[in-house]
Amino acid sequence: MWVQVAIMVVSMAISYLNQPKAQKPKPAGLSDFDMPVPDEGTPQCVYFGDCWTGDWQVLSFGRFRTSKIKSKSGK
């Protein structure tokens, strides 16, 4: 029985030492998005509200500003 326990402990240690290191994912940048945008000087329609259009151009998308998360602790 003690031999089996020793083998289990050794195999757990080997598994722990051989596991890959966790990597932090890189935050997405504007270069990661492939959105069609119009050339400068192209006439553009302006819609207010929710509208369907056959136009394939994207004038803007998302809000790519970052701000730190602030949390209040305590009472």
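Residues numbered from 1 in each chain as written. Predicted model: local features only at pLDDT ≥ 70, side-chain atom pairs only at ≥ 80, totals over all residues. Heavy atoms only, no water.

K.L.:
Help me understand the overall build of the protein chain in this model?
P.N.:
When you go through the protein chain residue by residue, the secondary structure sums to one helix and zero strands. Each of the 75 residues in the protein chain was classed as buried or not, and the buried ones make up 3%. Accessible surface, the protein chain: about 8500 Å² in total, of which carbon and sulfur atoms supply 59%. (Helix = DSSP H or I, 4+ residues; strand = E, 2+ residues; numbered from the N terminus. Buried < 20%, exposed > 50% of the residue type's maximum accessible area, 1.4 Å probe, protein only. Areas by Shrake-Rupley, 256 points an atom, 1.4 Å probe, with all protein chains shown as cover.)

K.L.:
Hey, could you run me through a nonpolar patch on the surface in this one?
P.N.:
A cluster of nonpolar side chains, contributed by Met1, Trp2, Val5, Met8, Val9 and Met12, occupies part of the molecular surface with about 720 Å² of accessible area. Mapped onto the fold, Val9 is located in helix α1 (residues 2–18). (Patch = residues over 30% accessible without salt bridge, like charges linked within 9 Å, V, L, I, M, F, W, Y side chains within 5 Å. Salt bridge = Lys/Arg side-chain N within 4 Å of Asp/Glu carboxyl O.)

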